[in-house]
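Observations on chain architecture
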Amino acid sequence: MATVLIPVPARDSDPSEVAVSWAVLSRDHTVVFATPGGEQAACDELMVTGEGLDPWSRVPGLKKLTALGRVLRADEAARDAHRALLADPAWRTPIRWDEVELDDFDGVLLPGGHRARGMREDLESPLLQETVVDAFRRDLPVGAICHGVLLAARSIDPDTGRSVLHGRTTTALTWRLERTAWRLARRTRFWDPGYYRTYLEEPGQPEGYLSVQQEVTRALARPEDFLDTADRVQASGRARDRLDDARPAFVVEDGNYVSARWPGDVHTFAKAFAQRL
């Protein structure tokens, strides 16, 4: 049995990437969550319920009427895992980010989430970046999915001055997937058009410059070290994997480092990470 660290922000982590990873790992291993101040975290409620993703969501009495929200939210397996997660003592009693000692852990898993409101605290944390650098130095199994890869890309080893991902192959949330969700939400969640973009470009920057894919790629040794799939099913963003069906998933493995793109990869991603423990 291994002990796995999963650091999350106080709010807005992705429920699929957190809960499914926990469900897969906790069958055979111990999972410890860490939050900024040791408080119980809350995943992005829009991704849990789907409420707030339709254009009529702000109309009194219509918020719970979901159409597009049912498509964009976590799928049934992930919602079931999230309900179970809420009752788990590990989720209810996390440690603080500044209490993390990697001597106590056999692996680190970095889930994502896109909502700037909560995720920027995670992505911009020097404490978490130092933890990721330490994990790579120790050659611990590290798994990163979606924006979790961005946290890894921003983790600069002071001995080299480079990202821990420099010289490795990886995937992450692709610009194609991020742009599709962003363009859709600009119309349907028009009062919060940047909901699906954690960072928006500044004047003079080309569209997508601050996307996950482009920032991660800039941290790599070569642009071609960022991997995406040409498979139509995997690239569509419409099919999600299951425990017994890895067909829609795209996961990249490089030694003890495992990466994936989005919630549609999470079962296969968590299983691949578990095999490294």
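Structure: above.
Residues numbered from 1 in each chain as written. Predicted model: local features only at pLDDT ≥ 70, side-chain atom pairs only at ≥ 80, totals over all residues. Heavy atoms only, no water.

1. Observations concerning the overall build of the chain
For the chain, the count of helices and strands is twelve helices and eleven strands. Whereas a compact globule of 277 residues would reach a radius of gyration of roughly 19 Å, the chain reaches 18 Å, a difference of no more than 12%. In terms of principal-axis extent, the alpha carbons of the chain reach across some 50 × 45 × 35 Å. Sorting the 277 residues of the chain into buried and exposed places 55% on the buried side. Sequence separation of at least 24 residues holds for 73% of the intrachain contacts in the chain that already meet a minimum separation of 6. Computed over 36 positive and 43 negative side-chain charges, the separation of the two mean positions in the chain equals 8 Å. (Helix = DSSP H or I, 4+ residues; strand = E, 2+ residues; numbered from the N terminus. Rg over C-alpha atoms; globule rule 2.2 N^0.38 Å. Buried < 20%, exposed > 50% of the residue type's maximum accessible area, 1.4 Å probe, protein only. Contact = heavy atoms within 4.5 Å. Lys, Arg positive; Asp, Glu negative; His and termini not counted. Charge placed at Lys NZ, Arg CZ, Asp CG, Glu CD.)

2. Quick look at unusual backbone geometry
For D12, which is not a glycine, the phi torsion comes out positive at approximately 80°. Its place among the elements puts D12 in strand β2 (residues 11-13). Residue D12 is classed as buried on the basis of its relative accessible area, which comes to 0%.

3. Considerations on the side chain of S21
Looking at where S21 falls in the secondary structure, it is placed in helix α1 (residues 15-25). A polar contact of 2.7 Å, which involves the side chain of S21, links it to the backbone oxygen of E17. (Polar contact = N/O pair within 3.5 Å; in protein donor to acceptor, adjacent residues only side chain to side chain.)

4. Focus: the packing of α1 against helix α4 (residues 76-86)
Two packed helices can be described by the angle between their axes and the distance between those axes. One can describe the packing of α1 onto α4 by two numbers: an axis separation of 8 Å at closest approach and a directional angle of 70°. In terms of their interaxial angle, α1 and α4 are classed as roughly perpendicular. The residues of α4 that touch α1, namely those facing P15, S16, V18, A19, V20, W22 and A23, are A78, A81, H82, A84 and L85. For the contact of α1 with α4, the per-class residue count stands at ten nonpolar, two polar and no charged. (Axes fitted to C-alpha atoms, helices over the stretch in contact; angles between N-to-C directions. Parallel < 35°, antiparallel > 145°, perpendicular 65-115°, else oblique. Nonpolar A, V, L, I, M, F, W, Y, C, P; charged D, E, K, R; others polar.)

5. Some remarks on the environment of V24
Checked against the element boundaries, V24 lands in helix α1. If near-sequence neighbours (up to four positions away) are discounted, V24 is found in contact with L243, A270 and K271.

6. Considerations on the pairing of strand β1 (residues 3-7)
In the case of a regular strand, side chains alternate between the two sheet surfaces. In terms of residue burial, β1 counts as a mostly covered element, since five of its five residues are buried. Residues of β1 alternate between two faces, with T3, L5 and P7 on one and V4 and I6 on the opposite face, all of them buried. As paired strands, β1 and strand β3 (residues 30-35) are joined by five bridges and run parallel to one another. Within β3, the residue paired with T3 across the bridge is T30. In this structure, β1 lies alongside strand β6 (residues 107-110), joined through two bridges in parallel fashion. Residue pairing for β6: L5 is matched across the bridge by V108. (Pairing = 2+ DSSP bridges.)

7. Notes on α4
Given 3.6 residues to a turn, an α-helix orients residues that are three or four positions apart in the same direction. Listed as buried for α4 are A78, R79, A81, H82 and L85. Projected down its long axis, α4 carries its buried residues within an arc of 160°, all on one side. For α4, the exposed residues lying more than 90 degrees away from the buried face are E76 and R83. (Arc of directions from axis to C-beta.)

8. With respect to the nonpolar core
Counting residues in each nonpolar core, the largest one holds 67 residues, and the members touching the most others are F33, L165 and V216. If near-sequence neighbours (up to four positions away) are discounted, F33 is found in contact with I6, V18, W22, L85, A90, W91, P94 and I95. Ranked by size, the runner-up nonpolar core spans ten residues in total, among them L46, L72, W175 and Y196. (Core = buried A, V, L, I, M, F, W, Y, C linked by side-chain atoms within 4.5 Å.)

9. Regarding the packing of aromatic side chains
Applying the stated criterion across every chain yields a total of five aromatic pairs. Between F33 and W91, the aromatic rings sit 4.9 Å apart at their centres with planes inclined by 90°, giving edge-to-face as the arrangement. Of this pair, F33 sits in strand β3 while W91 sits in helix α5 (residues 89-92), and the two are 58 residues apart along the sequence. The side chain of R186 reaches across the aromatic face of W182, ending 4.0 Å from its centre. The ring of W182 carries R197 above its face, with NZ or CZ at 4.8 Å from the centroid. (Phe/Tyr/Trp six-rings, centres within 6.5 Å; stacked < 30°, edge-to-face > 60°. Lys NZ or Arg CZ within 6 Å of the ring centre and 35° of its normal.)

10. A word on the environment of G37
Here G37 lies in the loop between β3 and β4 (42-43). Judged by its relative accessible area of 48%, G37 is partly exposed. Along the sequence, G37 and E99 sit 62 residues apart, while their C-alpha atoms lie 9.5 Å from each other.

Purely spatial values, then, with no claim about function.
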